Amino acid sequence: MRRWPSTPGLIAATHQDLACAVGDGRFRADLFYRLNVFPIHVPPLRERPEDVADLVRHFLHQFNRRMGKRVAGVDPSSLRLLSAYPWPGNVRELENLVERAMIVAESDTLCIDSNWLAAPRAAEDALPSGLHDVERRSILDALRRSRGRIYGARGAAALLGVKPTTLYGKMRRHGIRRDAE
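Every value quoted in this text rests on a predicted model; they were computed, and no experiment measured them.

Is there a simple way to explain helix α5 (residues 90–104) in this structure?
Side chains that are three or four residues apart share a direction in an α-helix, a result of its 3.6 residues per turn. Here α5 is 15 residues long and its end C-alpha atoms lie 22 Å apart, about the 21 Å a rise of 1.5 Å per residue gives. Every buried residue of α5 is listed here: L94, L97, V98, A101 and M102. Buried residues of α5, seen end-on, are gathered within an arc of 140° and therefore sit on one face of the element. Projecting away from the buried face of α5 at angles above 90 degrees are the exposed residues R92 and I103.

And the structure:
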C-alpha cells in the first residue's frame with residue numbers, strides 16, 4: 001500500500017467571495033489557487049435555523065465541561081427565540097450567547113434573556129446619510145488630488161488631516177479602493 005508523504009494541511013475559512021476578490025484585484029490569485037483545493041460552502045446560520053438547537057446542545061455540553069456545571073437542557077421558549085433570531089454574528093455570536101447564559105445559569109435549565117439578542121445599530125445607521133456621503137466624497141476627492149497616494153506630505157491622508165491608517169479604515173468602511181477615481 002502506497003503512503004502519501006505527510007505534508008501539513010491547512011483549513012481556511014472566510015465569509016468573503018474570494019473568486020470575486022481575485023477578479024477585483026483585492027486578493028492574490030496565486031494564494032487563492034493554493035487555498036481552493038477542496039472548497040466547502042456552508043450557508044450562514046440565519047439560512048439554517050434548524051441547526052440552532054443542535055449547536056446550542058453542543059455548546060452546552062462544551063461549556064458544562066469547561067465550567068464544571070451541570071446544566072441539563074435549554075428552556076423551550078429560549079430555543080424558539082434563538083431559532084427565530086437572524087444571527088448577524090453567525091455561529092460565533094450563538095456560541096458567545098450560550099457562554100453568557102452558562103455563566104449566569106443558576107439552575108439545570110439554560111434560559112436566554114431576550115434583551116441579549118438586540119443587535120447593535122451599525123455606526124453608519126446612526127449617522128445621517130448626508131454625513132456619510134460627505135465623508136465618502138471627501139476621501140474620493142483627496143485620492144484624486146493625490147493621484148492615489150496615501151502617505152507623505154502630498155498624500156490623501158495629509159490632505160484630509162488624518163493618519164494614513166485612519167484613512168485606510170475609512171476607505172474600507174466606504175468600500176473605496178486606492179485607485180478610485
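From this point on, the discussion continues.
Looking at this structure, how should I read the packing of aromatic side chains?
Any aromatic ring pair is given by two values, namely how distant the centres are and how the planes are angled relative to each other. What the rule picks out here adds up to three aromatic pairs. Taken together, a centroid distance of 5.2 Å and an interplanar angle of 70° make the contact between F32 and Y33 edge-to-face. Here F32 falls in the buried class, since its relative accessible area comes to 13%. Overall, Y33 belongs to the exposed group, its relative accessible area being 61%.

Whenever I open this one, the pattern of salt bridges confuses me. Can you help?
Opposite charge on two side chains makes pairing possible when the charged atoms of those side chains draw close. Inspection of the entire model under this criterion finds seven salt bridges. Close ionic contact of D51 with R48 constitutes a salt bridge, the shortest N to O distance being 2.8 Å. Relative accessible area serves as the criterion here: at 13%, R48 is assigned to the buried category. R57 is the salt-bridge partner of D54, the closest N and O atoms lying 3.0 Å from each other. Here D54 and its partner R57 are both found in helix α3 (residues 52–67), three residues apart, which amounts to about one turn of the helix. Given a relative accessible area of 48%, D54 falls into the partly exposed group. When salt bridges with common partners are traced through the structure, they connect E135, K170 and R173 into a single cluster.

Looking at this structure, I do not really get the side chain of S78. What am I missing?
Positionally, S78 belongs in helix α4 (residues 76–84). Among the polar contacts listed, one links the side chain of S78 to the backbone nitrogen of I112, at a separation of 2.9 Å. In contact with S78, other than residues within four places in its own chain, are L110, C111 and I112.

Help me out: how do you make sense of α3 in this one?
Taking 1.5 Å as the rise per residue, α3 with 16 residues should run 22 Å; its terminal C-alpha atoms sit 22 Å apart, in good agreement. Listed in full, the buried residues belonging to α3 are V52, A53, L55, V56, F59, L60, F63 and N64. Looking at the buried side of α3, the elements it contacts are β1 (73–74), α4, α5 and β2 (109–110). One or two residues past the end of α3 sits G68, with phi positive at roughly 70°.

Conventions adopted
Residues numbered from 1 in each chain as written. Predicted model: local features only at pLDDT ≥ 70, side-chain atom pairs only at ≥ 80, totals over all residues. Heavy atoms only, no water. Helix = DSSP H or I, 4+ residues; strand = E, 2+ residues; numbered from the N terminus. Expected span 1.5 Å × (residues − 1). Buried < 20%, exposed > 50% of the residue type's maximum accessible area, 1.4 Å probe, protein only. Arc of directions from axis to C-beta. Phe/Tyr/Trp six-rings, centres within 6.5 Å; stacked < 30°, edge-to-face > 60°. Salt bridge = Lys/Arg side-chain N within 4 Å of Asp/Glu carboxyl O. Polar contact = N/O pair within 3.5 Å; in protein donor to acceptor, adjacent residues only side chain to side chain. Contact = heavy atoms within 4.5 Å.

Purely geometric stuff here, so don't read any function into it on its own.
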